[in-house]
Amino acid sequence: MNIADTAPPSRPLLRRPGWLELVVGFVVALLLYLVGGIVGYLVPEDAPLSAGHVAFIESAVAPAGGFFAAVLVRIRRLGPFGFHRVRPGWVLAGVGAGVACFFLSWPVSWLLDPLFPGSDAVQQTYRDAAQLSLLSLAVTVFLGGILSPIGEELLFRGLLANFLFRWGPWVGVLVSAVIFAVAHGVNAVMPVAFVVGIATGVLLRVSGSMWPAIAVHVVYNSAGLLYQGIAG
């Protein structure tokens, strides 16, 4: 499908998020990431939540906080940020794309992991959280498989991609995917994050709604965490 020739379903003219929303959203998100990092550092080892759980809470709250700050600064409506009703088929397409990204992550990792030596332990705290116990796995899937993807999609697709679409569909899809991937760090996670970013960006563009994009990310993260918990 050529997304350059595909426009979202027609809707009443909505103000697109601009530079003000972008700057406010990312500044607030960065500040919340900083606060979350400090809180995570101060959490004792015997706390009820593991380091992986705390990191997932941070990765949900920080981008979501940035997104809602961007919404409130001027527009104060969710429509311009991609929140529209969508046909169930689009959400199912998002679920299918999430499953495809999950299985595609293996060949991508096999091919590109050698380019990032020494980064195997980047997500060890997440794996540990998924493997501690059945209860810990359930909490991990809720935090890392549902809340964290929603938060990240709000910021990187709801705000960033919709801001970038003013310069064309491929700019919005590709640039938001690159920034999303780099935000995960220059490590073995980055290539897979780029693939997920492409899938979510394309579905946002062609459906005109955030819901299919969120479905991709939730399914991908949840499947990965469940696999790690069961395999561990």
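This is a predicted model, so every value here is computed, not measured.

Enquirer: Please clarify how the overall build of the chain should be interpreted in this entry.
Expert: In terms of regular secondary structure, the chain is built from 8 helices and 0 strands. Starting at the N terminus and walking to the C terminus, you meet the elements of the chain as α-α-α-α-α-α-α-α. With the C-alpha coordinates of the chain rotated into their principal frame, the extents come out at 50 × 35 × 35 Å. The buried share of the chain, reckoned over its 232 residues, is 47%.

Enquirer: Would you explain the pattern of salt bridges in this entry?
Expert: For side chains bearing opposite charge, pairing can occur when the charged atoms are close. Under the counting rule described, the total for this entry stands at 2 salt bridges. For arginine 74, the salt bridge identified is with glutamate 21, shortest N-O distance 2.7 Å. Separated by 53 residues along the polypeptide, arginine 74 in the loop between helix 2 (51–73) and helix 3 (88–112) and glutamate 21 in helix 1 (residues 19–42) bring together distant segments of the chain. Residue classification places glutamate 21 among the buried positions, given a relative accessible area of 0%. Taking the shortest distance from any N to any O, the salt bridge between glutamate 153 and arginine 157 comes out at 2.8 Å. One end of the pair, glutamate 153, and the other, arginine 157, are both in helix 5 (residues 134–164), 4 residues apart, so they sit about a helical turn from each other.

Enquirer: Whenever I open this one, unusual backbone geometry confuses me. Can you help?
Expert: In most cases, non-glycine residues show a negative phi, while peptide bonds are predominantly trans. The phi dihedral of arginine 76 falls on the positive side, at around 60°, and the residue is not glycine. With respect to the helices, strands and loops of the structure, arginine 76 is situated in the loop between helix 2 and helix 3. Arginine 76 gets classed as exposed once you look at its relative accessible area, which sits at 58%.

Enquirer: So what exactly am I meant to see when it comes to helix 8 (residues 210–231) here?
Expert: The periodicity of an α-helix, 3.6 residues per turn, causes residues three or four positions apart to be oriented the same way. Helix length check: helix 8 (22 residues) gives 32 Å between terminal C-alpha atoms against 32 Å at 1.5 Å per residue, within 8%. Two or three places before tryptophan 211, at the start of helix 8, stands the capping residue serine 209, its side-chain oxygen 3.2 Å from that residue's backbone nitrogen.

Enquirer: Would you mind showing me how to read the side chain of serine 207 here?
Expert: Relative to the helices and strands, serine 207 resides in helix 7 (residues 189–207). On the basis of relative accessible area, serine 207 is assigned to the buried category, the value being 1%. Within the structure, the side chain of serine 207 is placed 3.1 Å from the backbone nitrogen of serine 209, a separation counted as a polar contact.

Enquirer: Sorry, what's going on with the nonpolar core here?
Expert: General note: in soluble globular proteins, nonpolar side chains tend to be found buried as a group. Judged by nonpolar contacts, the single largest core of 42 residues is most densely connected at Phe67 and Leu159. Every element with two or more residues in this core is listed here: helix 1, helix 2, helix 3, helix 5, helix 6 (169–183), helix 7 and helix 8. Each residue touching phenylalanine 67, except ones within four places of it in the same chain, is listed here: Leu78, Phe81, Phe83, Leu154, Leu155, Gly158 and Leu159. Core analysis: the next-biggest nonpolar cluster, separate from the first, contains 8 residues, Ala55, Tyr126, Ala130 and Val141 among them.

Enquirer: Can you help me understand the packing of helix 2 against helix 4 (residues 124–131) in this one?
Expert: Each packed pair of helices is defined by two parameters, the angle between the axes and the distance between the axes. Viewed as axis vectors pointing N to C, helix 2 and helix 4 meet at an angle of 115°, and their least axial separation amounts to 7 Å. Relative to helix 4, helix 2 is oriented roughly perpendicular. The element helix 2 and its partner helix 4 pack so that their crossing is left-handed. Two secondary-structure elements touch here, helix 2 through Ala51, Gly52, His53, Ala55 and Phe56 and helix 4 through Thr125, Tyr126 and Ala129. Residue composition of the contact of helix 2 with helix 4, by class: 5 nonpolar, 3 polar and no charged.

Enquirer: What is the right way to look at a nonpolar patch on the surface in this model?
Expert: Side chains of Trp19, Val23, Val27, Leu31, Leu34, Ile38, Tyr41, Leu42 and Trp167 sit close together on the surface and give an oily, nonpolar patch of about 1,100 Å² of accessible area. You can see valine 27 is positioned in helix 1.

Enquirer: Looking at this model, I keep getting lost on the packing of aromatic side chains. Mind explaining?
Expert: Aromatic ring pairs are reported here in terms of the distance separating the ring centres and the angle at which the planes meet. Counted by the stated rule, this structure contains 15 aromatic pairs. Connected via pairs of aromatic rings, a cluster forms that spans Phe67, Phe68, Phe81, Phe83 and Trp211. Between the NZ or CZ atom of arginine 157 and the centre of the ring of phenylalanine 180, over which it lies, the distance is 4.6 Å. Above the ring of tryptophan 167, the side-chain terminus of arginine 166 is found at 5.7 Å from the ring centroid.

Enquirer: I keep staring at the environment of valine 182 and nothing clicks. Help me out?
Expert: Here valine 182 is to be found in helix 6. Using a relative accessible area of 45% as the deciding quantity, one classes valine 182 as partly exposed. Distance from valine 182 to phenylalanine 194, taken between C-alpha atoms, is 8.3 Å for residues 12 residues apart in sequence.

The rules behind these values
Residues numbered from 1 in each chain as written. Predicted model: local features only at pLDDT ≥ 70, side-chain atom pairs only at ≥ 80, totals over all residues. Heavy atoms only, no water. Helix = DSSP H or I, 4+ residues; strand = E, 2+ residues; numbered from the N terminus. Buried < 20%, exposed > 50% of the residue type's maximum accessible area, 1.4 Å probe, protein only. Salt bridge = Lys/Arg side-chain N within 4 Å of Asp/Glu carboxyl O. Expected span 1.5 Å × (residues − 1). Polar contact = N/O pair within 3.5 Å; in protein donor to acceptor, adjacent residues only side chain to side chain. Core = buried A, V, L, I, M, F, W, Y, C linked by side-chain atoms within 4.5 Å. Contact = heavy atoms within 4.5 Å. Axes fitted to C-alpha atoms, helices over the stretch in contact; angles between N-to-C directions. Parallel < 35°, antiparallel > 145°, perpendicular 65-115°, else oblique. Left-handed = near helix turned anticlockwise from the far one by under 90°. Nonpolar A, V, L, I, M, F, W, Y, C, P; charged D, E, K, R; others polar. Patch = residues over 30% accessible without salt bridge, like charges linked within 9 Å, V, L, I, M, F, W, Y side chains within 5 Å. Areas by Shrake-Rupley, 256 points an atom, 1.4 Å probe, with all protein chains shown as cover. Phe/Tyr/Trp six-rings, centres within 6.5 Å; stacked < 30°, edge-to-face > 60°. Lys NZ or Arg CZ within 6 Å of the ring centre and 35° of its normal.

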